Amino acid sequence: MPFVILVPFLPLLAAVIVVTGGVRSRQARARLAAWPMGAAFCGAVAMLYVVATEGPITIRFYDPASLASLAVRLGFYIDRLSAVMMVLISAVGTIIYTYSIGYMHQDPHEHRYLALIGFTTCVLLCMVSSANLVMLFVFWQLLSYLLYLLAHNHAHAATLAGAYRTFTLLRVGDAAFLAGIILAYSLYGTLEFPALFTKAVAAPVMLSPAPGWEINGATAVTLLLFIGGMSKSAQFPMHVWLPRSLYAPTPVHALLHAGIINAGGFLINRLAPLFGLSSTTLHVAFVVGTMTAILGAAMMLAQNDIKKTLGFSTIGQMGYMIMECGLGAFSLAVFHLIAHGLFKATVFLNCGNVIHKARHEPHFPDPGHQQEQEGFSRLTWLTGFLTTLFIPLLILLLTHGALHIPLLETQGTVIFLFFIWVTSSQAILTLTRLRAVASWKVSAAMLLTLLFIVFVYLFAVESFTAFLYPDPQQVASFFQTAALPSGLFDAMIVISTLMTIAGWTYLYMTAHGRTMRTPRWLDGLKIRLYVLFMNRLYADELYELLGDVAMRLIHRFDKRKQGWSQ
Amino acid sequence: MTAAAAPWLLAGIPLAGALLSLFAWANAARLRTSAVLVSAITFGAAIGLTGRLASPPEGALLLYLLPVAACVSLLGQPLHHDHRLSWVATLLLLGLGLGVLALPTIGGPLFLMLLLGCLIALLYRYHTPLWPISWLGIGTYGFGAMCAAVSMIAARPFSAAASLLACATLLPLVPFHEGHVTSITRLPGSLPSFIVLLLPALGLHGLAAVLPAAPGPIAWIVTLLAMAGSLYGAVKALAQSRVRLLLAYGSLSFFSMVWWFAASAGHATSQASVFIGAAGFATSGLLLAWQVIRTRYGDDVDPQAISGLAFTMPRYAVLLSLLALAAMGLPPFGVFAAFMGLFLNTPISSALGPFIMLLAWLTASWYVMRMAQQLLFGTRRSDLRYADLIHTEFASLFIVVLVLLALGVTPSNLFAPARNAPSATMDSIAWQK
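Thresholds, definitions, all that
Residues numbered from 1 in each chain as written. Chains lettered and ligands numbered in written order. Predicted model: local features only at pLDDT ≥ 70, side-chain atom pairs only at ≥ 80, totals over all residues. Core = buried A, V, L, I, M, F, W, Y, C linked by C-beta atoms within 7 Å. Buried ≥ 20, exposed ≤ 12 C-beta atoms within 10 Å, placed from the backbone. Contact = placed C-beta atoms within 7 Å. Axes fitted to C-alpha atoms, helices over the stretch in contact; angles between N-to-C directions. Helix = DSSP H or I, 4+ residues; strand = E, 2+ residues; numbered from the N terminus. Parallel < 35°, antiparallel > 145°, perpendicular 65-115°, else oblique. Left-handed = near helix turned anticlockwise from the far one by under 90°. Nonpolar A, V, L, I, M, F, W, Y, C, P; charged D, E, K, R; others polar. pLDDT = per-residue confidence, 0-100. Domains from an automatic or database assignment.

## Regarding the nonpolar core
Reasoning step 1: By size, the foremost hydrophobic cluster in this structure holds 332 residues, and its most contacted members are B:L66, B:V258, B:A278 and B:L323.
Reasoning step 2: Not counting residues within four places of it along the chain, the set of residues in contact with B:A278 comprises B:F333, B:G334, B:V335, B:A338, B:L404 and B:L407.

Written as structure tokens, this is what we have:
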């Protein structure tokens, strides 16, 4: 399959075309380079078809049996997961590259920027098609450095400071990733994906890092690798680099939020058979993901800058994605990252236009515009009630009673149903904002939203899961490993349900112009929380303080020892 | 030619070159050109004589890298009369260094003593108000020379212990690292960028001979010192604002890793020589890059005062970025490849050692990146005159980058010692009678 190798390297060819040549042909070369980018996308689609019909493709430029004589063992292992990711990356890369030709026109460093976009796309494609953990790590690290370079305007002090912090924080994740690789190799003696999974399943190992403390080998390896994934996917508390990169050109954000940041989710899916052996790691992923989702969403609501708002929105979504992995719903996480990637790329590529338009064409209300009359609408509220509370409950009961699916024993099914409910509720609330407009259109929109989400999830659950993980037993085993203690799981479901209902009630009362009587301390807490989230939990300041303290200690140590070196 | 004559020939070429180059003493340009030519010829001789030389236990890679390092160090220097002695000294040290590596018997320690003696003389000769004389550094090398002498004459196990201590002064190991720091910061011209590879290479050569038979407690002490040195070097590098000190401590941190890997594995592998070569070359390249700045803005320039070179000196910026990547241990360069190779092939008994090694590796990303960032990015200063690399400087840095790249992608077993070749391991180095 020679064209398989071409796909990751076509964006590299685009980068080479951009950087080689004189100033006069720069614009023509930039346009010419869009063709290899597009060809990479077409190749990725063709490859997805080939992989889906003929099975995984493995190409190795080394002998896997030989000991680590080549530190960088180049090879490609393209299964359905890799192929899906390659289609996404090449599509987003092509769109962003084409968009950037116009966006960066007349920028003095346009050619460097466009070449970096091409090179980053190449690195991402190589990363998702890596044949082994070392090659994946090589491109993983290159990505850390590329994020530094993609900040672009390094003459700007704030951009430079943000880029440096991004790089240093990502390197922490890289170090943990490397530790995971070393441990995996010392335990299983291989870093080739299929062989690694087979050995990890066949020979479980127990480690004893300290007397009286034993830890499963797979848990130790996956926890270390997960820290690596946390850094790239901006999981709490390693999320601070993402909002700091807001000075980069807008298309970079599109690439970052649609492609690069998905690396954590991809890593967990790539190593799903390994992660599927450790309940501890999956539970940690669940906790980290949930915290990130909640905090990311809360911080998003309190931001007053569009890029920061979108940045925290991405953090929240990445939290969801990791949480899904933590629940054992690996395919759902991939589905989520694809949907989110496309959505966020569109939003970012459009937000520049919106800002630009707002600055240059101040919008005044149309004098002839007639305000819709707001009031309490029984129709709207009834539909809302039906779509977000009644129908989901009905589905739950039907599944339990009519279809005889043992919901209490299968957390996986509950998770999927719960996600359908939460997503549809969120979408309905976001789309209609319950403006209490007495209109059949609003009601229809609610119903259509619910139907759309139900079908999308059904597709995600059935077709997409079967596509990525054809073995149903494997999928079931992921859910079993990720299963939480039943009491905790039930409590979480109940709390989430109550919170959603409380949210509805609050909105209902607000729509009626009623106020809720709340204790004074709760009002104070709301203000304090708002300030806290607006300042992003003071995480940046905390990191700066830690850095300052560490550097002060280091300088004090250096001064004491200076006599030695003078 | 007999196998016995080959090492003498290899060591003799640069020594004779050093002697002959004195005839061109009055003309700096001719002197440097002749010195570069001699190092290139030595490189060719090292390749040509490989089959006739005894295979060192750590592999023959360092035999090839030393002439290349000498060549790039000479190329990267500005043409100035003040540097002439450093160019001749580079050839002299190259000859002595190759003698240490290639001569299997008593000649090796003798050459080593001579080399350390030269270094002591140079350190005594060169000091400035900015870099005052360091008696501690001179003393460390004196101690190293004494240990080399003891290793020749003493009985076992004292000879082995003395040999190990001599190695600790060459391949820097805390608390015998002061010579390394001093030589990088004090010596002029082409010497620091050459010595940063030469001495660790010689240290590894000695270590490869002495470590396999080292008793458990000795290996344990070495492991502890290596961990301390790696952390100490990284922490000290973080605190430095002067580039040469930063690079000295940064390289100390990386070279201490070799001690840890060697002590953990019980022997120094060919991957260790790749690591020494790569870390040495990366530091050497950064020293040469810093030399470019010193040539333009003076010895005492504060790196924080220079900024915006990425826009005004693009060729320099690209090469410095690549060198910084290599020095940070990022792929696809040799430091990363060898670091991975060493980790994957070293048995790990506790979590502390790998943790410290990874921490030191991670710290390099902070201090090296900070240094490169200060120089390359930020706003362009209108009061500074910017001039991009001249041909020789470009060639020098470009070769360093190519070597680092080659070390990163070439299979390490290519540099492993030939199985049937005669070994250069010194028989006298044994810990038990």
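## A short note on the packing of helix 5 (residues 107–125) of chain B against helix 6 (residues 135–153) of chain B
Helix-helix packing is described using two parameters, namely the angle between the two axes and the distance between the axes.
All names here are of chain B.
Reasoning step 1: Between helix 5 and helix 6, the shortest axis-to-axis distance is 9 Å and the interhelical angle comes to 165 degrees. As judged from the angle between their axes, helix 5 and helix 6 are roughly antiparallel. In this structure, the crossing between helix 5 and helix 6 has a hand that is left-handed. Here P109, L112, M113, L116, G117, L119, I120, L123 and Y124 of helix 5 lie close against helix 6, whose contacting residues are G137, I138, Y141, G142, G144, A145, A148, A149, S151 and M152.
Reasoning step 2: Of the residues that constitute the contact of helix 5 with helix 6, the class distribution is 14 nonpolar, five polar and no charged.

## Re the interface of chain A and chain B
Reasoning step 1: The partner chain B presents 40 residues to the 33 residues of chain A that form the contact.
Reasoning step 2: Of all the elements in the fold, those that place two or more residues in the side of chain A that touches chain B are helix 6 (133–149), helix 7 (157–188), helix 23 (539–560) and helix 24 (562–565) of chain A.
Reasoning step 3: In terms of residue count, the dominant contributor to the side of chain A that touches chain B is helix 7 of chain A (twelve residues).
Reasoning step 4: Here the residues of the side of chain A that touches chain B sort into 23 nonpolar, eight polar and two charged.

## Thoughts on the confidence of the model for chain A
Reasoning step 1: The share of residues in chain A with pLDDT of 70 or more is 87%, and the mean pLDDT across the chain is 83.
Reasoning step 2: The weakest mean pLDDT in chain A belongs to helix 24 of chain A at 50; the strongest belongs to helix 9 (residues 217–232) of chain A at 93.

## Some remarks on the domain arrangement of chain A
Residue and element names in this part refer to chain A.
Reasoning step 1: Per the domain assignment, the segments making up chain A are domain 1 (1–131), domain 2 (138–358) and domain 3 (375–518).
Reasoning step 2: Domain 1 and domain 2 are separated by 21 Å when their C-alpha centres are compared.
Reasoning step 3: Contributing elements (two or more residues each) for the side of domain 1 that touches domain 2: helix 4 (80–103) and helix 5 (110–128).
Reasoning step 4: The element best represented in the side of domain 1 that touches domain 2 is helix 4, accounting for eleven residues.
Reasoning step 5: When the residues that make up the side of domain 1 that touches domain 2 are grouped by side-chain class, the tally is 24 nonpolar, four polar and no charged.

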